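Residue-level structure breakdown
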Amino acid sequence: KNQVEQSPQSLIILEGKNCTLQCNYTVSPFSNLRWYKQDTGRGPVSLTIMTFSENTKSNGRYTATLDADTKQSSLHITASQLSDSASYICVVSDRGSTLGRLYFGRGTQLTVWP
Amino acid sequence: EADIYQTPRYLVIGTGKKITLECSQTMGHDKMYWYQQDPGMELHLIHYSYGVNSTEKGDLSSESTVSRIRTEHFPLTLESARPSHTSQYLCASSGQTGRVGGEKLFFGSGTQLSVL
């Protein structure tokens, strides 16, 4: 069983709307959680990195939240744009300052329609 | 943002051919990685290197091999390609950001390999 589960698997929204993607994990010990955006046929690009002590972090129209107690994270996208169409991947690390074992979710495929 | 490059972007070859996927980074990172990704699935680590002359196998069994003779270069080789090797191969490197949360992982654009 994958230790990082993402939902929904896919999502279609209209341009300008908001959406929230979910990530639940069982990785332990927990060090940090990362959200990546992966355009079709490209490599993932980092959006946010959150440590145990951080509850929320923003990067432009992207806001990530983390509840380390319930082992849940969300990525909220505000005022979606066509360029937001991509796969969003949640990645959990089990070690601190050095890059430990990374656990990847399967991603949420977001499609933004005009 | 990321200075990590993979070639070729796409490769279609016949069964039994030897291939090498190239990966180079100009960020001076000691750590480099190869991941394999199938559509709709999570990335799987197949090889990693923590520095020159250091290579290790990852979580996913792979018939490929890697070498790390120079810091900036981390090529992946398949001696005899098979249709089961058809996949996307992503190279990455990591370095300290100097902030809490530690290292940041940078990915190349990937090589989409199709073996006929």
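Attention here is on the structure that accompanies the text.

Scoring rules and cut-offs
- Residues numbered from 1 in each chain as written.
- Chains lettered and ligands numbered in written order.
- Predicted model: local features only at pLDDT ≥ 70, side-chain atom pairs only at ≥ 80, totals over all residues.
- Heavy atoms only, no water.
- Phe/Tyr/Trp six-rings, centres within 6.5 Å; stacked < 30°, edge-to-face > 60°.
- Buried < 20%, exposed > 50% of the residue type's maximum accessible area, 1.4 Å probe, protein only.
- Helix = DSSP H or I, 4+ residues; strand = E, 2+ residues; numbered from the N terminus.
- Pairing = 2+ DSSP bridges.
- Axes fitted to C-alpha atoms, helices over the stretch in contact; angles between N-to-C directions.
- Disulfide = S-S within 2.5 Å.
- Contact = heavy atoms within 4.5 Å.
- Buried area = accessible area lost by both parts, 1.4 Å probe.
- Salt bridge = Lys/Arg side-chain N within 4 Å of Asp/Glu carboxyl O.
- Polar contact = N/O pair within 3.5 Å; in protein donor to acceptor, adjacent residues only side chain to side chain.
- Nonpolar A, V, L, I, M, F, W, Y, C, P; charged D, E, K, R; others polar.

On to the packing of aromatic side chains. Taken as a whole and judged by the stated rule, the model has 7 aromatic pairs over all chains. Aromatic side chains A:Y25 and A:F30 sit 5.0 Å apart centroid to centroid with 20° between the ring planes, which places their arrangement in the stacked category. You can call A:F30 buried: its relative accessible area is 17%. Relative to B:F107, the ring of A:Y36 has its centre 5.7 Å away and its plane inclined at 90°; by these criteria the two rings are edge-to-face. Taken together, the residues span two chains, with A:Y36 in strand 4 (residues 32-38) and B:F107 in strand 10 (residues 103-107). A relative accessible area of 2% means that A:Y36 is categorised as buried.

Glancing now at the sheet that holds strand 8 (residues 72-77) of chain A. Residues and elements named next belong to chain A. Sheet architecture is open: 5 strands sit in the order 1-3-8-7-6, paired in antiparallel fashion. Looking at the sheet topology across the chains shown, the edges are occupied by strand 1 (4-7) and strand 6 (56-59). Ignoring strand direction, the axes of neighbouring strands in this sheet form an average angle of 15°. Here strand 7 (residues 62-67) pairs with strand 8 via 6 bridges, running antiparallel. Bridge assignment links L66 to a residue of strand 8, and that residue is S73.

Our next topic: the state of the cysteines. Residues and elements named next belong to chain A. Counted under the stated rule, the structure contains 2 disulfides over all chains. Between the sulfur atoms of C23 and its disulfide partner C90 the distance amounts to 2.0 Å. Its torsion about the S-S bond being -70°, the disulfide of C23 and C90 is classed as left-handed. Of this pair, C23 sits in strand 3 (residues 19-25) while C90 sits in strand 9 (residues 86-93), and the two are 67 residues apart along the sequence. Taken as a pair, C23 and C90 share a single burial class, namely buried. For C19, which is in no disulfide, the shortest distance to another cysteine sulfur is to C23 and amounts to 15 Å.

Once that is clear, we can look at the interface of chain A and chain B. If you look at the interface, chain A gives 24 residues, while chain B gives 25 residues. Taken together, both faces of the contact between chain A and chain B bury some 1900 Å²; the carbon and sulfur share is 48%. For the pair chain A and chain B, the interface holds 1 salt bridge. Salt-bridge contacts for B:E42 lead to A:R106; the nearest nitrogen and oxygen are separated by 2.8 Å. At the junction of chain A and chain B, the tally comes to 6 residue pairs in polar contact (both at pLDDT 80 or more). For the side of chain A that touches chain B, the secondary-structure elements that each account for two or more residues are strand 4, strand 5 (45-51) and strand 10 (102-104) of chain A. Here the side of chain A that touches chain B takes 4 residues from strand 4 of chain A, the largest share from any one element. Taken together, the residues of the side of chain A that touches chain B sort by class into 7 nonpolar, 11 polar and 6 charged.

Turning our eyes to something else, we now look at the sheet that holds strand 8 (residues 76-78) of chain B. All names here are of chain B. Here we have 4 strands laid out as an open sheet, ordered 1-3-8-7, and antiparallel in their pairing. With partners counted over all chains shown, the strands left at the sheet margins are strand 1 (4-7) and strand 7 (65-66), one partner each. As judged from the 3 bridges shared by strand 3 (residues 19-25) and strand 8, these two strands associate in the antiparallel manner. Of the residues in strand 8, the one forming a bridge with T20 is T77.

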